[in-house]
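# A look at the structure
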Amino acid sequence: MDLKDKIVSSYLAFEDHLDDNSPLHDIRNQAIKTFEEKGFPTKKEEAWKYTSLKSILNQDYSVFPKQENALEYRDVKKYFIHDIDSYKIVFVDGRYSSHLSQTTHDGIDVCLMSSALSKPKYRIVIENYFNKAATKDSLSSLNTAFAGEGAYIHIRKNKLVEKPIQILHFCSGNESALMLQPRNLIVVDENAHVQIIERHQSLTDNPVLTNSVTEIFANKRAIVDYYKVQNDRETASLIDNTFISQKQESHCSVHTFSFGGKLTRNNLNFFQKGERIDSTLKGVTIIGNKQHVDHNTLVHHIEPNCESHQDYKGIFGDNATGVFNGKVVVEKEAQKANAFQANNNILISDKASINTKPQLEIFADDVKCSHGCTIGQLDESAMFYMRSRGIPEKEAKALLMYAFSNNVLSSVKIPEIKQRITKIIANKLGVNIGFDL
Amino acid sequence: MLKINNLHASVEDKSILRGINLEVKPGEVHAIMGPNGSGKSTLASVIAGKEEYEVDKGEILLEGENIDELAAEERAHKGIFLSFQYPVEIPGVSVTNFIKTAINETRKAKGLEDMPANEMLKLIREKSELLEIDRKFLSRSLNEGFSGGEKKRNEIFQMAMLEPKLAILDETDSGLDIDALRIVANGVNKLKSKDNAVIVITHYQRLLDYIVPDFVHVLHNGRIVKSGPKELAHELEEKGYDWIKEEVNA
Ligand SMILES: Nc1ncnc2c1ncn2[C@@H]1O[C@H](COP(=O)(O)OP(=O)(O)OP(=O)(O)O)[C@@H](O)[C@H]1O
Ligand SMILES: [Mg+2]
């Protein structure tokens, strides 16, 4: 049985346990139908031209883990940003781990999707927001059909959440191959501010395929800063579908740091539903071996006077492959839009490759749009300059690559994350750099 | 200190240096002059270890040791410093971080610990004052957006920090105004001792009034075609290179 058939038939079993009166019932049924019709995307589809899922779909994934698997904090501590006080929502093999988590209902809800979906007091929020931003593509639909667990975060009006929230998805390795469908919902009310860190981490080399959907709603003047740390084992693959719906004067930023994983696809979508919105999409990708990272972004400028800033840097070694497909749509009403997009790449091996494609669809006439892609090697004259001052080749390379990704890190607002990412980069480049950039 | 014997070098099969002989002893200052394209910067790069250039024949000895097989950084660790004719911009790395890295990597190569932070700071302060460099300048990205003169001054600042045995200054004077020229030359002179040596590549006598050479060499078509005392520089300034070219061709 191929994976699609297996998934569809397990849906029937899954659906049996669910409450027929839930508002989600129809949504799920519709979603599985969509997935059944469309199936997994193939390279024939324009948006998947450079990313083939073939190599990761041939595993015999468990769609539901058979047992609950506990982890000890000391074994996974290193995956947390542990030098800051934070809320934590932690999952092991797709199930909530209460003893690793630190949730709250004190003025804000930092808790679980499963309880939000089942408890009446969350019903209104669920009805207003659940699946309202996600598109009805096949992978998001697949997630919607099975949506059961993940983070549920609701920040009330004017609330400034000082502690960042960490969402961690661990995979214990107790299943020989596991497929996960985490579903996160984040609602940030008027004038509230929240910072979120998300990470997926597999603890063994057993294959994992995560198909995650995160919906974020930033209401009027809300500020949301989201950090995705993608540094998983090279047997784990991630399809991240993130949908951000912004209301007027809100500011949302997503930083995606992609260093690990076998195949990573980031579908990052911003919808600007109000005036004077600011959207920021930044990413640093540093991969090697046979890793593959695909950034597929969309910024939809719908209303006037909004800005978007995209800045993605990639460094590709060995046989690694990268894709950047950045789509910006500026509707006719979205006058005075300011849309900036940059994608700069360095190939440090002859066998590495990157496909980069900006896609601008502009229907308004009074807009400022700029985009630029570069693909280059490390600057030889800079290398010689540095080496002639006594900096060895390896360190010189690292310093150049560091400097290259520097401006993406400069907008990270949590110093501990910056340090962590700096360390990962140094590690990745195999050097010890004795200063912060 | 430096001995070059019959050095031939080429790039992409194009021969540029065609038999250079040069000996520089500790405490000496040598000036190399010569028309555009004669191979001055190439010679400097070959000594500093730029891999793009192929050494086809001959040898370069530093304190008796053949450095042909050494990488650029290893030559730097042995005390060779090249002040670039065109310093390279390195966005995202500040002057301070760059020089710290260069110093500590050099120390590491010699088996020394990193320089303590306070000592480093003191050294940076001292040398930036010597070259009259504003402290704010040091936190800017290396060479990015620097004016021509600022770049050159910054090269000599790095030289002052690294205290090389053999400094090669490739047209450090070009782009400097009169005051800057004096400051830079003064910096170079302060670093001079009986144990180190300087090779000055220049088109102008002006710099040599400040950094007075013991020898002047004329490079033409990849060869040193004439050497003489410092007065030779005056003669070149007055008469140009044609008479030398004629001498060579005769
Ligand atoms: N990387 C290279 N590739 C091709 N040709 C080169 C390269 N480097 C140097 N050359 C050539 O070698 C010759 C010598 O160049 P070089 O830069 O050494 O001259 P120079 O004496 O320093 O001149 P200038 O006074 O203009 O600085 C020139 O003809 C130059 O074009
Ligand atoms: Mg030159």
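Before reading on, note that the structure itself is shown above.
All of the points below concern the structure found in this document.

What counts, and at which threshold
- Residues numbered from 1 in each chain as written.
- Chains lettered and ligands numbered in written order.
- Predicted model: local features only at pLDDT ≥ 70, side-chain atom pairs only at ≥ 80, totals over all residues.
- Heavy atoms only, no water.
- Contact = heavy atoms within 4.5 Å.
- Buried area = accessible area lost by both parts, 1.4 Å probe.
- Salt bridge = Lys/Arg side-chain N within 4 Å of Asp/Glu carboxyl O.
- Polar contact = N/O pair within 3.5 Å; in protein donor to acceptor, adjacent residues only side chain to side chain.
- Helix = DSSP H or I, 4+ residues; strand = E, 2+ residues; numbered from the N terminus.
- 1 Å grid on protein atoms, 1.4 Å probe; cavity = no way out; pocket = protein on both sides within 12 Å on 5 of 7 lines; lining within 4 Å.
- Points joined across faces, edges and corners; volume = space filled by probe spheres on them.
- Nonpolar A, V, L, I, M, F, W, Y, C, P; charged D, E, K, R; others polar.
- Axes fitted to C-alpha atoms, helices over the stretch in contact; angles between N-to-C directions.
- Parallel < 35°, antiparallel > 145°, perpendicular 65-115°, else oblique.
- Left-handed = near helix turned anticlockwise from the far one by under 90°.
- Buried < 20%, exposed > 50% of the residue type's maximum accessible area, 1.4 Å probe, protein only.
- Pairing = 2+ DSSP bridges.
- Donors = N, O, S within 2.8 Å, 3.2 Å for Na, K, Ca; no water.

## Topic: the interface of chain A and chain B
- Listed per partner, the contact involves 21 residues of chain A and 33 residues of chain B.
- Taking both partners together, chain A and chain B bury about 2,100 Å²; carbon and sulfur atoms supply 65% of that area.
- Three residues, Phe 384, Tyr 385 and Arg 389 of chain A, lead the burial of chain A against chain B; their summed loss comes to 38% of the area buried on that side.
- Inspection of the chain A/chain B interface yields 3 salt bridges.
- With a shortest N-O distance of 2.6 Å, Arg 387 of chain A and Glu 73 of chain B are connected by a salt bridge.
- In this structure, the connection of chain A to chain B is made through 10 residue pairs in polar contact (both at pLDDT 80 or more).
- For the side of chain A that touches chain B, the secondary-structure elements that each account for two or more residues are α8 (380-387) and α9 (393-409) of chain A.

## Topic: empty space enclosed by the protein
All names here are of chain A.
- Throughout the structure, instances matching the rule amount to 6 cavities of 30 Å³ or more.
- If you add up the space inside the largest cavity, you get close to 140 Å³.
- Surrounding the largest cavity, 18 residues form its lining, His 200, Asp 232, Ala 236, Ser 237 and Leu 238 being those nearest its centre.
- Among the secondary structure elements, those contributing two or more residues to the lining of the largest cavity are β5 (165-171), β8 (193-202), β9 (208-218), β10 (223-230) and β11 (236-246).
- Class assignment for the residues of the lining of the largest cavity results in 6 nonpolar, 11 polar and 1 charged.
- In this model, the second largest cavity occupies a volume close to 70 Å³.
- Residue lining of the second largest cavity: 14 residues in total, with Glu 46, Ala 47, Tyr 50, Val 323 and Asn 325 positioned closest to the centre.

## Comments concerning the packing of helix α3 (residues 95-109) of chain B against helix α4 (residues 117-130) of chain B
Residue and element names in this part refer to chain B.
- Packing of α3 against α4 brings their axes to within 12 Å, and their N-to-C directions diverge by 120°. When the interaxial angle is binned, α3 and α4 end up oblique. Between α3 and α4 the crossing geometry is right-handed. Of α4, the residues touching α3 (which contributes Thr 96, Ile 99, Lys 100, Ile 103 and Asn 104) are Met 120, Leu 123 and Ile 124.
- Looking at the contact of α3 with α4 residue by residue, the classes come out as 5 nonpolar, 2 polar and 1 charged.

## So, the pairing of strand β15 (residues 292-301) of chain A
All names here are of chain A.
- Counting buried positions along β15 gives 10 out of 10 residues, so the element sits mostly inside the fold.
- Sheet analysis places strand β13 (residues 263-272) next to β15, joined by 10 bridges and oriented parallel. Residue Leu 263 lies in a different strand from β15, and its bridge partner there is His 292.
- Here β15 runs beside strand β17 (residues 321-330); their pairing, made up of 10 bridges, is parallel. By the bridge assignment, His 292 is partnered in β17 with Thr 321.

## Focus: the coordination of the magnesium ion (ligand 2)
Residues and elements named next belong to chain B.
- The protein atoms that coordinate the magnesium ion (ligand 2) are Ser 41 (OG) and Gln 85 (OE1), at distances of 2.0 to 2.1 Å. Of the two residues, Ser 41 sits in helix α1 (residues 40-48) while Gln 85 sits in the loop between β6 (80-83) and β7 (90-94), which places them 44 residues apart along the sequence.
- Among the residues examined, Ser 41 registers a relative accessible area of 26% and is labelled partly exposed.

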